[in-house]
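Chains, contacts and geometry: an overview
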Amino acid sequence: MRIRILWPAGQATATLRTTPTSEALWAALPISASASTWGEEVYFGTPVSVPREADAQQVVEPGTVAFWTDGDSLALPYGPTPISRGDECRLASPCNLLGALDGDPQVLRTVRPGDAIRVERA
């Protein structure tokens, strides 16, 4: 499964693993939301609500596509957040791992709080 994430200053694609959460997200596409940022992470709400999966993680690699079950949101880290230790990508709490962005995750630096975000099937 591949998705496209679009915002006013750019876009990215991502490849998703087959997981219960990624399948729920896929079924809900396309979705539109308003972007929020937290350090070097972009996140936004979705209409999907799922439980935390057994392999959920809080510290992930830049470019990970994660689902924050506490906020029903996609979380797209590209660098440290306010609770990171050093250069790690530390999410607010353990998140379901959906996949990874294709290419350089630093493209997310162009997302501004309040930007319109659209996620669609690629």
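Now for a look at the structure at hand. The model shown is predicted, which means the values in this text are computed figures rather than measured ones.

What about the overall build of the protein chain?
A tally of helices and strands in the protein chain yields 1 helix and 10 strands. For the protein chain, the sequential pattern of α-helices and β-strands runs β-β-α-β-β-β-β-β-β-β-β. For 122 residues, the compact-globule estimate of 2.2 N^0.38 gives 14 Å, and the protein chain sits close to it at 13 Å. Its C-alpha atoms give the protein chain principal-axis dimensions of about 35 × 35 × 25 Å. Out of the 122 residues belonging to the protein chain, those deemed buried represent 48%. Across the protein chain, every contact between residues at least 6 apart in sequence was considered, and the portion connecting residues at least 24 apart equals 71%. Carbon and sulfur atoms make up 50% of the accessible area of the protein chain, which totals about 5600 Å². Taking the average place of the 10 positive charges on the side chains of the protein chain and the average place of its 14 negative ones, the gap between the two points comes to 3 Å.

Comments concerning the packing of aromatic side chains
Scanning the entire structure with this criterion turns up 1 aromatic pair. Seen in terms of ring centroids, Tyr43 and Trp68 are 6.2 Å apart; in terms of plane orientation they differ by 80°. Their pairing is edge-to-face. Pair noted here: Tyr43 is in strand E5 (residues 41–45) and Trp68 is in strand E7 (residues 64–68), with a separation of 25 residues, a long-range link. Owing to a relative accessible area of 25%, Trp68 belongs among the partly exposed residues under this scheme.

Here's the deal with the pairing of E5
Relative to E5, strand E4 (residues 36–37) runs antiparallel, the two sharing 2 bridges. Note on E5: the bridge partner recorded for Ser36 is Tyr43. Here E4 folds back onto E5 in antiparallel fashion, the turn holding 3 residues, of which Gly39 has a positive phi close to 60°. Where E5 and strand E8 (residues 73–77) come together, 5 bridges link them in antiparallel fashion. Among the inter-strand pairings, Glu41 is bridged to a residue of E8, identified as Pro77.

Looking at the pairing of E8
In the case of a regular strand, side chains alternate between the two sheet surfaces. Burial of E8 is extensive: 5 of the 5 residues sit out of reach of the surface. Of the two faces of E8, the one lined by Ser73, Ala75 and Pro77 and the one lined by Leu74 and Leu76 are each fully buried. Where E7 hands over to E8, the hairpin turn is made up of 4 residues, of which Asp72 adopts a positive phi near 50°.

Section: the side chain of Ser22
Relative to the helices and strands, Ser22 resides in helix H1 (residues 20–28). For Ser22, a relative accessible area of 0% gives the class buried. In this structure the side chain of Ser22 is engaged in a polar contact, spanning 2.9 Å, whose partner is the backbone nitrogen of Thr19. Excluding anything up to four places from it in sequence, Ser22 contacts Met1, Leu16, Arg17 and Leu98.

About the cut-offs
- Positions within a chain are numbered from 1, following the residues in the order the chain's sequence is written.
- Since the coordinates come from a predicted model, pLDDT governs what is reported: local features require at least 70, and pairs of side-chain atoms require 80 or more to be given and counted, while whole-chain, interface and lining totals use all residues.
- Hydrogens are left out, water is left out, and the side-chain values use all remaining heavy atoms of the structure.
- By the criteria applied, helices consist of DSSP H or I runs no shorter than four residues and strands consist of E runs no shorter than two, each listed in order from the N terminus.
- Our radius of gyration is a C-alpha quantity, and the globule rule it is checked against amounts to 2.2 Å times the number of residues to the power 0.38.
- Think of it in three bands: residues with accessible area under 20% of the maximum for their type are buried, residues over 50% are exposed, and the middle band is partly exposed, with areas taken using a 1.4 Å probe on protein chains only.
- In what follows, a contact means two residues having at least one pair of non-hydrogen atoms within 4.5 Å.
- Surface accessibility in these figures is a Shrake-Rupley result with a 1.4 Å probe; residues are shielded only by whichever protein chains are displayed.
- A residue counts as positive if it is Lys or Arg and as negative if it is Asp or Glu; His and the chain ends are not included.
- Note that the charge is assigned to NZ on lysines, CZ on arginines, CG on aspartates and CD on glutamates.
- In this analysis, rings of Phe, Tyr and Trp, with Trp reduced to its six-membered ring, are considered paired at centre separations within 6.5 Å, and the interplanar angle assigns stacked below 30 degrees, edge-to-face beyond 60, and tilted for intermediate values.
- By this definition, two strands are paired if DSSP reports at least two bridges between them.
- Under the rule applied, a polar contact is a pair of N or O atoms within 3.5 Å (in protein, one hydrogen donor and one hydrogen acceptor; residues adjacent in sequence only if both atoms are side-chain atoms).

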